[in-house]
Amino acid sequence: MGRVSKELDVEGRPASLDAEFGGSETRLELERKLLRKLDIRMSILILIYILTIVDRNNVSVARIKGFEADLHLEGQQFNTVLGIFYVGKILMQIPSNLFLNYIGRPSIYLPTCMVLWGALSCLTGTTQSFMGALLTRFFLGFVEAIFIPGALFLLSKWYKRSELGLRTALLSCGLVISNSFGSLMASGILSGMQGKLGHAAWRWLFYIEGALTMLVVVIAIFVLPDFPENSHDFLSPEEIQLAKLRMQEDVGVNEEIERKDSRFPGLYEALGDWHVYWLALALTSLMISLSFNAFFPTLTKTLGYSPTITLLLCAPPWGFAAIVAFAVSWHSDKTGERTFHIVIPLFIGIIGFVIAISTMRLAARYVALYVPYSTIPFGRHSIVFSFLMAQSYAGFICFVTWSSNTFARSPSKCAVALAFTNAFSQLGNTAGSYMWQKSWGPTYIRSYAICISTNGLCIVMCLIFRQVLAKQNKHLEERESSEAMPRGYRYLL
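Residues numbered from 1 in each chain as written. Predicted model: local features only at pLDDT ≥ 70, side-chain atom pairs only at ≥ 80, totals over all residues. Heavy atoms only, no water.

**Q** What should I look at first to understand the overall build of the protein in this one?
**A** Within the protein one finds 21 helices and zero strands. For the protein, the proportion of its 493 residues judged to be buried stands at 58%. Considering only intrachain contacts with a sequence separation of at least 6, the fraction spanning at least 24 residues in the protein is 80%. A total of about 19800 Å² of accessible surface is found on the protein, and carbon and sulfur atoms cover 65% of it. (Helix = DSSP H or I, 4+ residues; strand = E, 2+ residues; numbered from the N terminus. Buried < 20%, exposed > 50% of the residue type's maximum accessible area, 1.4 Å probe, protein only. Contact = heavy atoms within 4.5 Å. Areas by Shrake-Rupley, 256 points an atom, 1.4 Å probe, with all protein chains shown as cover.)

What follows is the structure, given as structure tokens:
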């Protein structure tokens, strides 16, 4: 027994585990084939995420083309329409992930909810009053709540922790890509659909984007995988067994047994773990500082251009943001380090906020470093946002990955923990909906000051959490040494 357990393959695993796959080299080739299949199928999550964000943010885009005026919104009513979306998300995320873990069929559950949120997006285009917009936005948030925690949970069921960062980055890059893609698509709709069939252009925006979401459902049903224990239509028996073994090796839990025995104990286990609340509070703080996302078209409009040009100007910074976020996440996976891949981008983001407070003008040549429209006299918002968006969102993506890694040992606990942290963080989005009031413009000094404070709080909490996890890793190592146990699970720092 001792001799077999000490024989390791090239990946540092006990060689006996590779025997059923024909040896370590055969296993590596089979593992590469498995990952290729998974990556192809999981890629549709990026498209779904893009459509999710497009449907979420189209109300901000519609604002610059008459949404607020046509519905006779006054005072803080537009901000309330934005904020009520996140109330719906808060209520649904934990029950949704518990249900997903119970049924184990994301290939059916996620597309079904997509149909509902696409229909609700279309219905937003028919509203005639503040109350109508409020109700459609609330239920849109309620249904969309299933996607982010559900997608992260699905990824965590298939990929090892060393592979999860890059995949989470690719998924989360859908967020920044959607802002670029959504702006370009919206500019075409708003400029070409005004008055068609007697409808305002902003109504067509909801109709077309909602219908596009429902169209993708047809593809998603046949492409999305379920969990390893019940995905048998596109994998060979050897690949299924390898998929299960990979996760057991990575986190030390037999997921089939754990899933049978813990439908609801995962809820109590997660809610009894202070790590969950700590990360939820840190993410909430971070989400407040990212609240400029929902108001980006409004802030860009202060430059004085037409709605079409305004939306076109929104696109380039988000494209740059996607590139930076991907690079940072890739490096985080390669090095196995999380904390400083969060802290450093957020600190650079703080520098961007400070610049925004300090000056109203920056040289056009500085703009050329980030966007290709250097001949246009950009204001400070476009310059600073093109810089801080890339950094802040890179930190956000690494933070989401870190959360998944921290709770990876128990699938049911991971499902609840991811849902809870995401749900709780929506309080940050709700508060952020009231941070960029017209009366605070055009300088928005108070808004930027809040962003600096919340970014700073998130940085401090991440550094403290790193020290706590390091001590826990040391305790695990000492226990293994004293009891002559093989090296087991370690928290990623």
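**Q** What should I look at first to understand the packing of helix α14 (residues 274–289) against helix α21 (residues 445–482) in this one?
**A** The angle between the axes and the distance between the axes are what describe a pair of packed helices. In contact at an axis separation of 7 Å, α14 and α21 are set at 155° when each is read in the N-to-C sense. Taken as axis vectors, α14 and α21 run roughly antiparallel relative to one another. The interaxial crossing formed by α14 with α21 has left-handed handedness. For the pair α14 and α21, contact is made by W274, H275, W278, L279, L281, A282, S285, L286, I288 and S289 and by I450, C451, T454, N455, L457, C458, M461, I464, F465, V468, L469 and Q472, respectively. (Axes fitted to C-alpha atoms, helices over the stretch in contact; angles between N-to-C directions. Parallel < 35°, antiparallel > 145°, perpendicular 65-115°, else oblique. Left-handed = near helix turned anticlockwise from the far one by under 90°.)

**Q** Looking at this structure, I do not really get the environment of C451. What am I missing?
**A** Following the sequence through the fold, C451 ends up in helix α21. Judged by relative accessible area, C451 falls into the buried class, the value being 0%. Taking the C-alpha atoms as reference points, C451 and F353, 98 residues apart in sequence, are found 7.3 Å from one another. Discounting chain neighbours no more than four positions away, the residues touching C451 are I288, S289, F353, M435 and W436.

**Q** Where do I start with the nonpolar core in this structure?
**A** A general tendency of soluble globular proteins is for nonpolar side chains to be buried together. Among the nonpolar cores identified, the biggest contains 104 residues, and L45, I48, F147, F396 and F399 are the most heavily contacted of them. Filtering out sequence-adjacent residues up to four positions away, F147 remains in contact with L45, I48, Y49, T52, W117 and L171. Within the second largest apolar cluster, 24 residues are counted, among which are A62, F78, A133 and A200. (Core = buried A, V, L, I, M, F, W, Y, C linked by side-chain atoms within 4.5 Å.)

**Q** How should a nonpolar patch on the surface be read in this particular structure?
**A** Together, V218, I219, I221 and F222 make up an exposed nonpolar region whose accessible area comes to about 420 Å². In this structure, V218 sits in helix α10 (residues 201–223). The class for V218 is exposed, based on a relative accessible area of 52%. (Patch = residues over 30% accessible without salt bridge, like charges linked within 9 Å, V, L, I, M, F, W, Y side chains within 5 Å. Salt bridge = Lys/Arg side-chain N within 4 Å of Asp/Glu carboxyl O.)

**Q** So what exactly am I meant to see when it comes to the pattern of salt bridges here?
**A** Between side chains of opposite charge, a pair can form as their charged atoms come close. Using the criterion set out here, one finds 12 salt bridges in the structure. Between R32 and E29 there is a salt bridge, with the nearest N and O atoms lying 3.0 Å from each other. Of this pair, R32 and E29 both sit in helix α2 (residues 24–42), three residues apart, which is roughly one turn of that helix. You can call R32 partly exposed: its relative accessible area is 43%.

**Q** Looking at this structure, I do not really get the packing of aromatic side chains. What am I missing?
**A** Each pair of aromatic rings is reported with the distance of its centres and the angle of its planes. All chains considered together, the criterion is met by 19 aromatic pairs. Judged by centre distance (5.7 Å) and plane angle (40°), the rings of Y49 and F147 are tilted. Linking Y49 in helix α3 (residues 44–63) with F147 in helix α8 (residues 147–158), this pair joins segments that are 98 residues apart in sequence. Taking the centre distance of 6.1 Å and the plane angle of 80° together, the rings of Y393 and F396 count as edge-to-face. In this pair, Y393 and F396 are both assigned in helix α19 (residues 380–406), three residues apart and thus about one turn of the helix distant. A relative accessible area of 4% means that Y393 is categorised as buried. Among the aromatic side chains, those forming a connected cluster through ring pairs are F67, F78, W202 and F206. The ring of F234 has R41 sitting right over it, with the charged end atom 4.2 Å from the ring centre. (Phe/Tyr/Trp six-rings, centres within 6.5 Å; stacked < 30°, edge-to-face > 60°. Lys NZ or Arg CZ within 6 Å of the ring centre and 35° of its normal.)

**Q** What exactly am I supposed to notice about the environment of V276 here?
**A** For V276, the location among the structural elements is in helix α14. Taking C-alpha positions, V276 is 8.6 Å from S403, a pair spaced 127 residues apart along the chain. Every residue in contact with V276, bar those within four places of it in the chain, is listed here: A270, F407, A417, F420 and T421.

**Q** Is there a simple way to think about helix α7 (residues 130–144) in this case?
**A** Along an α-helix, residues three or four positions apart point the same way, because every turn accommodates 3.6 residues. Over its 15 residues, α7 runs 21 Å from end to end, which matches the ideal 21 Å to within 8%, given 1.5 Å per residue. Among the residues making up α7, those that are buried are A133, L134, T136, R137, L140, G141, V143 and E144. On its buried face, α7 sits against α3, α4 (67–70), α5 (77–103), α6 (106–124) and α8. (Expected span 1.5 Å × (residues − 1).)

**Q** Quick question: what am I supposed to make of the state of the cysteines here?
**A** Each disulfide consists of one covalent bond between the sulfur atoms belonging to two cysteines. Summed over all chains, the structure comprises zero disulfides. With no disulfide of its own, C462 lies closest to C458 among cysteine sulfurs, the gap being 4.1 Å. (Disulfide = S-S within 2.5 Å.)

**Q** What should I look at first to understand unusual backbone geometry in this one?
**A** Note: most residues except glycine have negative phi, and most peptide bonds are trans. Its identity is not glycine, yet H72 carries a phi of approximately 60°, on the positive side. Mapped onto the fold, H72 is located in the loop between α4 and α5. A relative accessible area of 61% places H72 in the exposed class. The phi dihedral of L197 falls on the positive side, at around 55°, and the residue is not glycine. Turning to its location among the elements, L197 is positioned in the loop between α9 (161–192) and α10.

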